[in-house]
Amino acid sequence: MSVVPDTTTKVTFTDNNTKFNTAGVQYIINPYDEMSLTRALELTEAQGGTVTVIHVGLADSEPSVRKALAIGAHEAVRINAEASDATLVAKEIANWAADKEFDLILTGRESIDYNGGMTGGLLAAHLGLPFVNVVSKLDINGGEATAVRDIDGGKETVQVMLPFVASAQKDLTEPRIPNMRGIMAARSKPLTVVDPGGASAKGQHQSYEMPPAKGAVQLIEPDNAAELISILHNEAKVI
Amino acid sequence: MPHFPNKEEKIHRSAKQDLFQAPDFYAIDDLLSEEHKLIRDSVRDWVKKDVSPIIEDCAQRNIFPRHIIKGMADAGAFGPQLPAEYGCGGLDYIAYGLIMQEIERGDSGMRSTASVQGSLVMYPIYKFGSEEQRKKYLPKLASGEMMGCFGLTEPDHGSNPAGMVTHFKDMGDHYLLNGAKMWISNAPFADIAVVWAKNEEGKVRGLIVERGMEGFTTPETHNKWSLRASATGELVFDNVRVPKENLLPGVEGLKGPLTCLNSARYGISWGVIGAAMDCYDSAVRYSKERHQFGRPIGGFQLQQKKLAEMLTEITKAQLLCWRLGHLMNEGKATPAQISLAKRNNVDMALHIAREARQMHGGMGITGEYPLMRHMMNLESVITYEGTHDIHLLILGMEITGENAFV
Ligand SMILES: Cc1cc2nc3c(=O)[nH]c(=O)nc-3n(C[C@H](O)[C@H](O)[C@H](O)COP(=O)(O)OP(=O)(O)OC[C@H]3O[C@@H](n4cnc5c(N)ncnc54)[C@H](O)[C@@H]3O)c2cc1C
């Protein structure tokens, strides 16, 4: 589970555009991971089992990990390393999870901060497990799962044996909001901090730049096609 | 008959997304614990998901959305400040305030339902009730399985509850209750009523009256222009036989209802910040979107003055409540301090609702925006739980030692 800037954050940079400015930024659970978590809870509620949240990050992201426990995860593990890129995160999770014998590992299809979309695939490769990417529906029946995944222009239904890794797409389920009982229960659920296994990042951020500002929008009444043509011809000079 | 939606009458769900963002100009979030913020944000998310899309339709058509009671209970809105052993939240008064703020950000009527349940029904049962009464009622009230109302005001006795005429007689094996209460929130659907009435010696006592007791009816009050998504009604007692075990043993005199009102008024001081923030948030957004004379209306000094003053007042109210919450937690808050907060903050919110409504021009009077609804709701909030003037008299008496009520 990754922790990302809130979707309403005003993105700015510091240090000559080489660092993301974290001042005043609110952090949230990555929305795709929230869906993974909720689906995992639904599956265990129906069929038994427990849900462990794994987060690679520093102590300042603990409120979000605690929220995951309030939503319903049974326990949480924070691997105490800065989540500087997907190679590091995937390797750290793989190191920790290798001997835990999970039936299913769910990630988000991507984190909405850098949108790399690599962690799930790398993790599956490290663990030698099958990987089903961009899953919008997931059901488990005994030792086998049926997953529907989004592909270009359509959907693909795949069957896969447990254990495997899958990444969540937005329709997987509706994320849950913590309720009071969950928040109270989260107080006493285990949140274990483990030392990182020493994985290193493969990439480095060189610089950032903002997308060019959007131009002004001019609204034209639907029945006024003549004006539209005149503007496109005389002002925009595109026709 | 109370007006509750049945299958034929579906509540319309608006597709408009609730984009609310709370102002926190003085970084007051830094004064809250992580758990406070989690509670606040969870209630906010729930309001966005389940309250905002339906509230306008409910208010327009005068429907109490009964189906969201369960969601409110899950969010912790019913007696969060009472102990967990009775199925309540066991949280502090800051958490309680934040929950009220977020629910009233959705609608004052919804917050009224929560205030009545938590502070006016559950609180007296907890504080003045017997252990049997606590065990019998509190868990069901906390989960919303049972709903309650609070009967103090009478047709001829509002600001002066000491004059109440509702009374009961000891009949040996039961009490016989007669009289009527008016303006009672939740009355039309409540399962129980905490009723304040005089005994034969003229002392005010609390009784738990249950729906279904013979002679007890709850006619709904119609044609309100305010709190239209909340159900208000009367409580009529015509020779109602109330079992003796339904008397609240722990209190005698007006101190009973007034203690409950303190707790509810505290919640209102926070709640109305929610309504004010919603109006402010809408006004900020509208001031950027709406263009006149070739520029956004937010570029005009007169509109900026309104926004600047709104933010100033909201920030002051937030700090006031935060401090009052700590006094409540320490058991040190006085009734006069609570009066100051209720009076100041409701007035602040009403003023902001009116200014924000004007900033939206003609659009401000429609149900497209929440302004008019908040504004009309707040006219009740400035009246109930002690009117604006009555709180001023309480403060005046605190300052001078002179009673100017009578
Ligand atoms: C929507 C709604 C919901 C309510 N819910 C409940 C509820 O759940 N339970 C409950 O018990 N009550 C409830 N109330 C009642 C509410 O508490 C009373 O309306 C309020 O206390 C005022 O009483 P009143 O309406 O009789 O006004 P009055 O007391 O008649 O007051 C009329 C005016 O005279 C002023 N006034 C009164 N006395 C003085 C004085 N000594 N000096 C100067 N001015 C004075 C008042 O400030 C007011 O402006 C509700 C009211 C509303 C509108």
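For the structure, see preceding data.
Along each chain, residue indices are assigned from 1 in the same order as the chain's sequence is written. Here chains are named by letter from A upward and ligands by number from 1 upward, in the order in which they appear as written. Whole-chain, interface and lining totals are the exception, using all residues; otherwise, since this is a predicted model, local features are given only for residues with pLDDT of at least 70 and side-chain atom pairs are given and counted only at 80 or more. By convention in this description, side-chain values take in all heavy atoms of the structure and omit both hydrogens and water.

Draft legend 1. Examining the pattern of salt bridges more closely. What makes a salt bridge here is a side-chain nitrogen of Lys or Arg within 4 Å of a carboxyl oxygen of Asp or Glu, nothing more. By the definition in use, this model includes 36 salt bridges over all chains. Of the charged contacts, one joins glutamate 330 of chain B and lysine 332 of chain B as a salt bridge, the two residues approaching to 3.0 Å between their closest N and O atoms. Each member of the salt-bridge network shares a partner with another, and the members are Arg39, Glu42, Lys137 and Asp139 of chain A.

Draft legend 2. A look at the packing of aromatic side chains. Planes of paired rings set the category: under 30 degrees apart is stacked, over 60 is edge-to-face and the rest tilted, where pairs are Phe, Tyr or Trp rings (Trp by its six-membered ring) whose centres lie within 6.5 Å. All chains considered together, the criterion is met by 14 aromatic pairs over all chains. Through a chain of ring-to-ring contacts, three or more aromatic side chains come together here, namely Phe13, Tyr114 and Tyr208 of chain A. Over a ring means this: the NZ of a Lys or the CZ of an Arg is within 6 Å of the ring centre and within 35 degrees of the ring normal. The ring of tryptophan 96 of chain A has lysine 100 of chain A lying over it, and the distance from NZ or CZ to the ring centre is 4.3 Å. Over the ring of tyrosine 369 of chain B we find lysine 16 of chain B, and its NZ or CZ is 4.4 Å from the ring centre.

Draft legend 3. How the structure looks around the interface of chain B and chain A. Here, two residues are considered to be in contact whenever any of their heavy atoms come within 4.5 Å of each other. If you look at the interface, chain B gives 20 residues, while chain A gives 14 residues. Values labelled buried area give the accessible surface lost by two parts on being combined, using a 1.4 Å probe and summing over both. Around 1,300 Å² of area is buried between chain B and chain A when both sides are counted, 64% of it from carbon and sulfur atoms. The interface formed by chain B and chain A includes 1 salt bridge. In this structure, the salt-bridge partner of glutamate 35 of chain B is arginine 187 of chain A, at a minimum N-O distance of 2.8 Å. For the purposes of these results, a polar contact is taken to be a pair of N or O atoms within 3.5 Å, where, inside protein, one atom must be able to donate a hydrogen and its partner to accept one; residues adjacent in sequence count only when each atom of the pair is a side-chain atom. Inspection of the region where chain B meets chain A yields 4 residue pairs in polar contact (both at pLDDT 80 or more). Looking at the side of chain B that touches chain A, the elements that each hand over two or more residues are helix H1 (34-61) and helix H2 (69-75) of chain B. Throughout, the ten residues Ala, Val, Leu, Ile, Met, Phe, Trp, Tyr, Cys and Pro are labelled nonpolar, Asp, Glu, Lys and Arg are labelled charged, and all others, Gly among them, are labelled polar. For the side of chain B that touches chain A, the per-class residue count stands at 9 nonpolar, 5 polar and 6 charged. Helix and strand definitions here come from DSSP, where helices need a minimum of 4 consecutive H or I residues and strands a minimum of 2 consecutive E residues; each element is numbered from the N-terminal end.

Draft legend 4. Quick peek at the sheet that holds strand S5 (residues 52-56) of chain A. All names here are of chain A. Pairing between strands is defined by DSSP: at least two bridges between them are needed. Strand order in this open sheet of 3 strands is S5-S6-S12, and the pairing throughout is parallel. Looking at strand neighbours, the two that pair on one side only are S5 and strand S12 (191-194), the edges of this open sheet. Within the sheet, the average angular offset between the axes of one strand and its neighbour, ignoring direction, is 20 degrees. In the sheet, S5 pairs with strand S6 (residues 75-79) via 5 bridges, with the strands oriented parallel. Across the sheet, residue valine 56 finds its bridge partner in S6, namely isoleucine 79. The strands touched by helix H2 (residues 62-71) within the sheet are S5, S6 and S12, with S12 carrying the most contacts at an inclination of about 140 degrees. Angles here are taken between N-to-C directions and fall from 0 to 180 degrees, while the axes themselves are lines fitted to C-alpha atoms, restricted in helices to the stretch in contact. Those strands touched by helix H3 (residues 86-97) are S5, S6 and S12, and its axis lies near 135 degrees from that of S5.

Draft legend 5. Structural detail: the nonpolar core. If you look at the biggest cluster of nonpolar residues, it comprises 138 residues, and the most contacted ones within it are Leu138 of chain A together with Phe78, Met110, Ile125 and Trp196 of chain B. Broken down by element, the residue count for this core peaks at 16 residues, all from helix H6 (residues 255-289) of chain B. With 19 residues, the next largest nonpolar core counts Leu177, Ala190, Phe216 and Val240 of chain B among its residues. As used here, the term nonpolar core means buried Ala, Val, Leu, Ile, Met, Phe, Trp, Tyr and Cys residues forming a set that is joined through side-chain atoms within 4.5 Å. Partly exposed describes any residue whose relative accessible area lies between the buried limit of under 20% and the exposed limit of over 50%, with all areas from a 1.4 Å probe on protein chains only and scaled to the type maximum.

Draft legend 6. The arrangement of the site of the ligand in detail. Residues and elements named next belong to chain B. For the ligand, the set of nearby residues contains 18 residues, the closest of which are Thr153, Ser159, Trp183, Ser185 and Thr387. One nitrogen or oxygen atom from the side chain of threonine 153 is found 2.7 Å from a nitrogen atom belonging to the ligand. Measuring from a nitrogen atom of the ligand, one finds a backbone N or O atom of phenylalanine 405 at 2.9 Å. Contributing elements (two or more residues each) for the shell around the ligand: strand S3 (174-185) and helix H10 (388-400). Of the residues contributing to the shell around the ligand, the split by class is 9 nonpolar, 7 polar and 2 charged. If a single non-hydrogen atom of a residue is within 4 Å of a molecule or strand, that residue counts as near it.

Draft legend 7. Summary view of the packing of H6 of chain B against helix H7 (residues 301-329) of chain B. Residues and elements named next belong to chain B. Relative to each other, H6 and H7 sit at 155 degrees, their axes nearing to 10 Å. Between H6 and H7, the angle is such that the two are roughly antiparallel. Classified by chirality, the crossing of H7 by H6 is left-handed. Contacts between H6 and H7 involve Tyr266, Ser269, Trp270, Ile273, Ala276, Met277, Tyr280, Ala283, Val284 and Ser287 on the former and, on the latter, Leu307, Met310, Leu311, Ile314, Ala317, Gln318, Cys321, Trp322, Leu324, Gly325 and Met328. Taken together, the residues of the contact of H6 with H7 break down into 17 nonpolar, 4 polar and no charged. The cut-offs work like this: below 35 degrees is roughly parallel, past 145 is roughly antiparallel, 65 to 115 is roughly perpendicular, and the gaps in between are oblique. Left-handed is the label given to a crossing in which the near helix is rotated counterclockwise from the far helix by less than a right angle, and right-handed is the label when the rotation is clockwise.

Draft legend 8. Region of the structure containing a nonpolar patch on the surface. Residues enter patches when their relative accessible area tops 30% and they take part in no salt bridge; the joining distance is 9 Å for like charges and 5 Å for the nonpolar side chains Val, Leu, Ile, Met, Phe, Trp and Tyr. With residues, only the protein chains shown are counted as cover, and all accessible areas are computed by Shrake-Rupley using a 1.4 Å probe. Together, Phe25, Tyr26, Leu31 and Leu319 of chain B give the surface a local cluster of nonpolar side chains, amounting to about 430 Å² of exposed area. Examined against the element boundaries, tyrosine 26 of chain B turns out to sit in the segment before H1.

Draft legend 9. Broad picture of unusual backbone geometry. A cis geometry characterises the amide bond from leucine 162 of chain A onward to proline 163 of chain A, with omega recorded as -10 degrees. For asparagine 186 of chain B, which is not a glycine, the phi torsion comes out positive at approximately 75 degrees. Structurally, the position occupied by asparagine 186 of chain B is in the loop between S3 and strand S4 (192-198). According to the relative accessible area criterion, asparagine 186 of chain B is buried, its value standing at 0%. One non-glycine residue, asparagine 239 of chain B, lies in positive phi territory at about 55 degrees. Among the structural elements, asparagine 239 of chain B can be located in strand S7 (residues 232-243).

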